[in-house]
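# Observations on the model geometry
Spelled out from the first residue to the last, the chains are:
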Amino acid sequence: MSKQVDVVVAGGGGFIGGHLAADLLSQGLTVRCVDIKPIHEWQQVHAGVENVVADLSLLESARAAVRNARQVYMLAADMGGMGFIENHKAACMMSVLTSTHMLKAAHEAGVERYFYSSSACVYAAGKQNDPKVTALKEEDAYPAQPEDGYGWEKLFSERMCRHFEEDYGFTCRVARYHNVYGPAGTWNGGREKAPAAVCRKIAEAVISGEHRIDIWGDGRQTRSFMYIDDCLHGTRMLMNGTSSVPVNLGSSELVTINQLVDIVEEIAGIRCERAYRLDAPQGVRGRNSDNGLIRELYGWEPSIPLADGLEKTYAWVFDQVKRARS
């Protein structure tokens, strides 16, 4: 990892990282993707990318990963959907080693710009107790009461970026992602998020003919979901922007989980009997993105309708389910 590259994507074997690498390649940039997973487990592998398997929680691996790079997109983390982060809090917290070592290594290496992918899980739980939630503004992260485990790690790492900029003049940009979804992501195994999980359950119902699905919680909890194309546009925009404050990057289209299921059922052309698992992990009751700041700073916000993004996502997940069953 000694040759010069324009961009390093840490977590390049993951869902967002794989799409981001393709996006950066399409702009003619040279890209190095680094991920802890063996390459055959990466969501996407692109020709023309320097693909590296390394454990970025180790400082020397982080130093090697960022060597001779102009920019770093730090997406690497041990994470998943609500089922994973509620049951693996220590593992999520251990991502702090990756976050701090990558930040330290990038600063040491003279990287020009550093992007950190934070999360809406940094927001105070007390502001998310009602499905009719008031959309979360950036200042709602304090006083701090983030999602236990995963949210605390993200908020701490945000602060590290802030202080590296204040103390060392190191240019850092932070986005708080709100539920990113789309094709070529995790769709089974326990780490998948709600859109992929619902698409999988409906696809299985279509293929099996058993029109019955489980829903975690009562289905009335609310969320917003951002399609991957909006995420990529916003990520590059924030990286190249002038503001160092953390900014929401999410759709403001609020839906209940029941409405999410309704949309996927309509795409699939079926209706399912719903069994509600009230004992399953379900997170906060309501969460939505206030996009006032991103509109003020950049004159833009995510706008791809949920139904449009889910149509593409469902088609991809359906193919994965069908292939797995055959």
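Calculation rules
- Counting restarts for each chain: residues are numbered from 1 in the order of the written sequence.
- pLDDT decides what is reported in this predicted model: residues at 70 or higher carry local features, side-chain atom pairs at 80 or more are listed and counted, and totals for whole chains, interfaces and linings draw on all residues regardless.
- Excluded from the side-chain calculations are hydrogens and water; all other atoms, namely the structure's heavy atoms, are used.
- Cavities and pockets were defined on a 1 Å grid built from protein atoms only: a cavity is a group of points that admits a 1.4 Å probe but offers it no way out, a pocket is an open group of points flanked by protein on both sides within 12 Å along at least five of seven lines, and a lining residue is one with an atom within 4 Å of any such point.
- Grid points are joined across faces, edges and corners, and a volume is the space filled by probe spheres set on the points.
- Runs of H or I in DSSP of at least four residues are treated as helices and runs of E of at least two as strands, each being numbered from the N terminus.
- Strands are treated as partners if at least two bridges between them are detected by DSSP.
- Here an angle of 0 to 180 degrees is reported between the N-to-C directions of two axes, which are lines fitted to C-alpha atoms, with helices fitted over the stretch in contact.
- Any two residues having at least one pair of non-hydrogen atoms within 4.5 Å are treated as being in contact.
- The rule is short: rings of Phe, Tyr and Trp, with Trp giving its six-membered ring, pair when the centres are within 6.5 Å, and they are stacked under 30 degrees, edge-to-face over 60, tilted in between.
- Partly exposed residues are those whose accessible area sits between 20% and 50% of the maximum for their type, while under 20% is buried and over 50% is exposed, using a 1.4 Å probe and protein chains only.

Per an unreviewed UniProt entry, the protein carries the name NAD-dependent epimerase/dehydratase family protein and comes from Streptomyces sp. R11.

A word on the layout of surface pockets. Which parts of space are left empty comes out when a probe the size of a water molecule is rolled across the atoms. Taken as a whole, the second largest pocket holds about 290 Å³ of empty space. Considering the residues around the second largest pocket, the lining is formed by 15 residues, among which E158, R162, S244, V245 and P246 are closest to the centre. Of all elements in the fold, only α6 (150-168) and β6 (172-177) reach the threshold of two or more residues within the lining of the second largest pocket. Looking at the lining of the second largest pocket element by element, the count peaks at six residues for α6.

Spatial ordering of the open sheet is given by β3-β2-β1-β4-β5-β6-β11, a layout of seven strands whose pairing is parallel. Edge positions in the open sheet fall to β3 (50-53) and β11 (247-249), since each of these has one partner strand only. Direction aside, neighbouring strands of the sheet carry axes that sit 20° apart on average. Pairing analysis gives three bridges linking β6 to β11, with the strands arranged parallel. When the bridges of β11 are listed, R176 appears paired with N248. In this fold helix α8 (residues 228-239) packs onto β4 (69-74), β5 (113-119), β6 and β11, with an angle of close to 155° to the strand it touches most, β6.

This brings us to the packing of aromatic side chains. Under the counting rule described, the total for this entry stands at six aromatic pairs. Ring plane angle 35° and centroid distance 6.2 Å describe the contact between F115 and Y177, whose orientation is recorded as tilted. Placement of the pair is F115 in strand β5 and Y177 in strand β6, with a sequence separation of 62 residues. Exposure remark for Y177: the relative accessible area of 9% places this residue in the buried category. When the centroid spacing of 5.1 Å and the interplanar angle of 75° are considered together, the rings of F164 and Y168 count as edge-to-face. Taken together, the residues F164 and Y168, both in helix α6 and four residues apart, mark about one turn of the helix. By relative accessible area, F164 is classed as buried at 12%. Taken together, the ring pairs connect Y73, F115 and Y177 into an aromatic cluster.

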